[in-house]
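# Overview (structure and organization)
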Amino acid sequence: MSMDETALVEARGLKKEYGRGHLVVDDVSFVIRPGETLGLVGESGSGKSTIARLLLRLEEPSAGDLSYRGWDLLSMTSREMREMRRRMQIVFQDPYAALNPRMRVKQILTEPFEIHRARPSGGLASRLKEMLRTVGLDESALERFPHEFSGGQRQRINIARALALRPEFLVLDEPVSALDVSVGAQVVNLLRDLQREYGLTYLFISHSMPLVRYLCDRVAVMQGGRLVELGECEQICDTPRDEYTRRLIAATPVMPAAM
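Here's a quick rundown of the structure. Within each chain, residues carry numbers counting from 1 in the order of the written sequence. Reporting of local features is limited, given that this is a predicted model, to residues whose pLDDT is at least 70; pairs of side-chain atoms are given and counted only at 80 or more, and all residues count toward the totals for whole chains, interfaces and linings. To get the side-chain values, take all heavy atoms of the structure and skip hydrogens and water.

## Concerning the sheet that holds strand β6 (residues 88-91)
For sheets, the rule is that strands pair by backbone hydrogen bonds, running either parallel or antiparallel. Counted only if it meets this: DSSP bridges decide pairing: two strands pair if at least two such bridges lie between them. Secondary structure elements follow DSSP: runs of H or I no shorter than four residues count as helices, runs of E no shorter than two count as strands, and numbering proceeds from the N terminus. All axes here are fitted lines through C-alpha atoms, helices being fitted over the stretch that makes contact, and every angle between N-to-C directions spans 0 to 180 degrees. Throughout, a residue-residue contact means that at least one pair of heavy atoms, one from each residue, lies within 4.5 Å.
Strand order across the open sheet formed by six strands is β6-β7-β8-β3-β9-β10, with mixed pairing between neighbours. Edge positions in the open sheet fall to β6 and β10 (226-232), since each of these has one partner strand only. For this sheet, the mean angle separating the axes of adjacent strands, direction not counted, is 15°. Summarising the sheet, strand β9 (residues 218-223) and β10 pair through six bridges and their orientation is antiparallel. Across the sheet, residue Gln223 finds its bridge partner in β10, namely Arg226. Where helix α1 (residues 48-55) meets the sheet, it contacts β3 (37-41), β6, β7 (169-173), β8 (201-206) and β9, and its direction lies at approximately 150° from that of β8. Helix α5 (residues 151-162) rests against β6 and β7 of the sheet, and its axis sits at about 175° to β6.

Encoded structure:
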């Protein structure tokens, strides 16, 4: 189905309507190529998180097409989509709400293997320790509960869980907006390192143009459910064509020197 043979993910004419005539996503098209990071930016309510849920079929679009490596996602059965979700994962905005407070970290990280009936090579215990090391945490975290960790550590646990089944594609839905600036900078650097190490492809959703400029190859700008600008990150950040993009850039502060 894909019109672009170089695309890992392709959306064409995506629409999402709630109620009668309330278009949250209105005729949005883009591609994400293997190994790249596409930034999706815009103010709250612009449709960014809805697009994230549509790409993973956590919600169904009202119209449009979606493909992954040329496979038609919208024609897949629930069983087929379950298999696809081994390739596609999401890291949510709020590291506090995303972790079950009654589960130890060991249970949280084991859950993806149980859901997908997957057996990691080398054994589960070894894999769990490796997952934590990958995100900069010690194996002693396995027996602890989420409330025993800081916000940045909790987001690292979320990232470890998202990477459990070794996906190709991660949707990062404002993954550092709930963290303070310096901790957020550390998590963004971790995400960049993980992408290099594992050849990951990202959709990075944010309202911060400086963050997007630091991490992304290309950027798509959303306003009121529509895509108003799409192109190379440097070009859009330096010479934006759309007035709304210029306002977004002017409204966000520079990144901390730590990055």
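Additional details are given in the paragraphs that follow.
## Some thoughts on helix α9 (residues 243-251)
To be explicit about the condition: Note on exposure labels: buried denotes an accessible area under 20% of the residue type's maximum, exposed denotes more than 50%, and partly exposed covers the range between, all computed with a 1.4 Å probe on protein chains only. Working definition: the arc comes from the directions between the helix axis and the C-beta atoms, pointing outward to the latter. Pairing of N or O atoms within 3.5 Å defines a polar contact, subject to two protein rules: one partner must be a possible hydrogen donor and the other a possible acceptor, and residues neighboring in sequence count only if both atoms are side-chain atoms.
Three or more residues of α9 are buried, namely Tyr244, Thr245 and Leu248. One side of α9 carries all its buried residues, which in axial view fall inside an arc of 100°. Contact partners of the buried residues in α9: β3, α7 (209-215), β9, β10 and α8 (233-238). Between the side-chain oxygen of the N-cap and the backbone nitrogen of Tyr244 there are 2.8 Å, and the N-cap of α9 in question is Asp242.

## Concerning the packing of helix α3 (residues 105-115) against α5
The axes of two packed helices give the description: the angle between them and the distance between them. The test is simple: Geometric relationships in this document are graded by angle, where less than 35 degrees denotes roughly parallel, more than 145 denotes roughly antiparallel, 65 to 115 denotes roughly perpendicular, and other angles denote oblique. Classes in brief: Ala, Val, Leu, Ile, Met, Phe, Trp, Tyr, Cys and Pro nonpolar; Asp, Glu, Lys and Arg charged; the others, Gly included, polar.
As a packed pair, α3 and α5 sit with axes 8 Å apart at the nearest point and diverge in direction by 30°. Relative to α5, the element α3 is oriented roughly parallel. Contacts between α3 and α5 pair Val105, Ile108, Leu109, Glu111 and Pro112 from the former with Ile157, Ala160 and Arg161 from the latter. Tallied by class, the residues present in the contact of α3 with α5 amount to six nonpolar, no polar and two charged.

## Re the sheet that holds strand β1 (residues 9-18)
With respect to topology, four strands assemble into an open sheet ordered β2-β1-β4-β5, the strand pairing being antiparallel. Strand pairing shows two members of the sheet lacking a second neighbour, β2 (22-32) and β5 (71-72), which therefore form its edges. Relative to β2, β1 runs antiparallel, the two being bridged by eight bridges. The partner of Leu14 across the bridge, within β2, is Val28.

## Considering the pattern of salt bridges
This is how the line gets drawn: In the sections that follow, a salt bridge refers to a side-chain nitrogen of Lys or Arg positioned within 4 Å of a carboxyl oxygen of Asp or Glu.
Going through the model one piece at a time under the given rule, you end up with 13 salt bridges. A salt bridge links Arg226 to Asp26; its shortest N-O distance comes to 2.9 Å. Taken as a pair, Arg226 in strand β10 and Asp26 in strand β2 lie far apart in primary sequence, 200 residues in all. Overall, Arg226 belongs to the partly exposed group, its relative accessible area being 41%. The salt bridge involving Arg213 is made with Asp238; its shortest N-O contact spans 2.7 Å. Residue Arg213 is found in helix α7, and its partner Asp238 is found in helix α8; the two are separated by 25 residues along the sequence. Using a relative accessible area of 42% as the deciding quantity, one classes Asp238 as partly exposed.

## Description of the side chain of Lys48
Tracing the chain through its elements places Lys48 in helix α1. Among the polar contacts made by the side chain of Lys48, one reaches the main-chain carbonyl oxygen of Glu43 at a distance of 3.2 Å.

## Some thoughts on unusual backbone geometry
The backbone phi angle of Arg57 is positive, close to 55°, even though this residue is not glycine. In this structure, Arg57 sits in the loop between α1 and β4 (63-68). In this structure, Arg117 takes a positive phi of about 50° despite not being glycine. Judged by its relative accessible area of 70%, Arg117 falls in the exposed class.

## Observations concerning the pairing of β9
For β9, the buried fraction is high: five of the six residues fall into the buried class. When β3 meets β9, the two strands line up parallel, connected through four bridges. What sits directly across from Leu40, in β9, is Ala220. Hairpin connection, β9 to β10: the antiparallel pair is bridged by two residues, and Gly224 has positive phi, about 55°.

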